Amino acid sequence: MSEDCIFCKIARGEIPSKKVYEDEDVFVFHDINPVAPVHFMLIPKIHLPSLLEAEECHAAVLGKMLVLAPKLAKEQGLEKGFRTVINSGKGGGQEVFHLHIHIIGGGNIPPMVKRT
Ligand code: AMP
Ligand code: ZN
């Protein structure tokens, strides 16, 4: 837990969110500024800033999140597939420093990297 982390506050219910799923380890909610028709995020309830800080002790919750992602994506209508994004650190374009997996889909999802 981190007192001033916005995603810790969302997981504790102190800041409102559009919740998709919750259990003892994981909280899932819709992105406030979606980039596609469906855009939600999975976060661990423990405060882990990013993948850069991930260690062996985090393997179970990270694995749980990856296994949960397709189940929730299908429930949100993404049976045909979805994009998974994890921005890690300032070098990875991360803006909120509580690890989150973006699940993005619906509509037209272009190739991730535009080749010139
Ligand atoms: P990232 O750039 O990977 O750190 O992504 C942070 C994401 O958090 C962005 O897509 C934001 O739109 C989203 N976000 C920020 N604040 C909130 C909030 N209060 N509720 C839902 N999503 C949020
Ligand atoms: Zn946090």
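Residues numbered from 1 in each chain as written. Chains lettered and ligands numbered in written order. Predicted model: local features only at pLDDT ≥ 70, side-chain atom pairs only at ≥ 80, totals over all residues. Heavy atoms only, no water.

Draft legend 1. Spotlight on the overall build of the chain. Secondary structure assignment for the chain yields two helices and five strands. Secondary structure elements of the chain, listed N to C terminal, follow the sequence α-β-β-β-α-β-β. Its C-alpha radius of gyration of 14 Å places the chain within 12% of the 13 Å reference for a compact globule of 116 residues. A principal-axis box enclosing the C-alpha atoms of the chain has dimensions of 40 × 30 × 25 Å. (Helix = DSSP H or I, 4+ residues; strand = E, 2+ residues; numbered from the N terminus. Rg over C-alpha atoms; globule rule 2.2 N^0.38 Å.)

Draft legend 2. Just the pairing of strand 2 (residues 26–30), in detail. Counted residue by residue, strand 2 has four buried out of five residues, so it is predominantly covered. Note that strand 1 (residues 19–22) and strand 2 share three bridges and pair antiparallel. If you follow Tyr 21 over to strand 2, its bridge partner there is Val 28. Hairpin connection, strand 1 to strand 2: the antiparallel pair is bridged by three residues. As judged from the five bridges shared by strand 2 and strand 3 (residues 38–44), these two strands associate in the antiparallel manner. Bridge pairing in strand 3 links Val 28 to Leu 42. (Buried < 20%, exposed > 50% of the residue type's maximum accessible area, 1.4 Å probe, protein only. Pairing = 2+ DSSP bridges.)

Draft legend 3. Structural detail: the coordination of the zinc ion (ligand 2). Coordination of the zinc ion (ligand 2) by the protein is provided by Cys 5 (SG), Cys 8 (SG), His 47 (ND1) and His 98 (ND1), with metal-donor distances spanning 2.0 to 2.3 Å. Coordination at the zinc ion (ligand 2) is tetrahedral, judged from the four donor atoms that bind it and the angles of 107 to 116° they form at the metal. Counting the intervening residues between successive donors of the zinc ion (ligand 2) yields the motif C-x2-C-x38-H-x50-H. Here the residue Cys 5 occupies a position in the segment before helix 1 (6–11), and His 98 occupies one in the loop between strand 4 (83–85) and strand 5 (101–105), the gap between them amounting to 93 residues. Classification of Cys 5 by relative accessible area gives buried; the value is 7%. (Donors = N, O, S within 2.8 Å, 3.2 Å for Na, K, Ca; no water. Tetrahedral: all angles 85-135°; square planar, octahedral: opposite > 155°, others 65-115°.)

Draft legend 4. Here's a closer look at the sheet that holds strand 4. Strand order in the open sheet formed by five strands is 1-2-3-5-4, with antiparallel pairing between adjacent strands. Each edge of the open sheet is held by one strand with a lone partner, namely strand 1 and strand 4. On average, each strand axis in the sheet is tilted by 20° relative to the strand beside it, whichever way the strands run. (Axes fitted to C-alpha atoms, helices over the stretch in contact; angles between N-to-C directions.)

Draft legend 5. Focus on the nonpolar core. Core analysis: the biggest nonpolar cluster contains 17 residues, and Val 26, Val 28, Phe 40, Leu 42, Met 65, Leu 72 and Ile 103 have the highest contact counts within it. Of all the secondary structure elements, the ones that give two or more residues to this core are strand 2, strand 3, helix 2 (59–75) and strand 5. With seven residues, the single largest contributor to this core is helix 2. When sequence neighbours within four positions are dropped, the list of residues in contact with Ile 103 reads Val 38, His 39, Phe 40, Leu 42, Ala 69, Ala 73, Leu 78, Phe 82, Arg 83 and Thr 84. In this structure, Cys 5, Ile 10, Phe 29 and Met 41 belong to the second largest nonpolar core, which totals nine residues. (Core = buried A, V, L, I, M, F, W, Y, C linked by side-chain atoms within 4.5 Å. Contact = heavy atoms within 4.5 Å.)

Draft legend 6. Highlighting the pairing of strand 5. Of all five residues in strand 5, five are buried, a share of seventy percent or more. Alignment of strand 3 against strand 5, held across five bridges, turns out to be antiparallel. Within the sheet, the bridge partner assigned to Val 38 lies in strand 5 and is Gly 105. Relative to strand 5, strand 4 is paired through three bridges, and the arrangement is antiparallel. Its bridge partner being in strand 5, Thr 84 is matched across the sheet by Ile 103.

Note that every value here comes from positions in space, so none of it alone points to a role or purpose.
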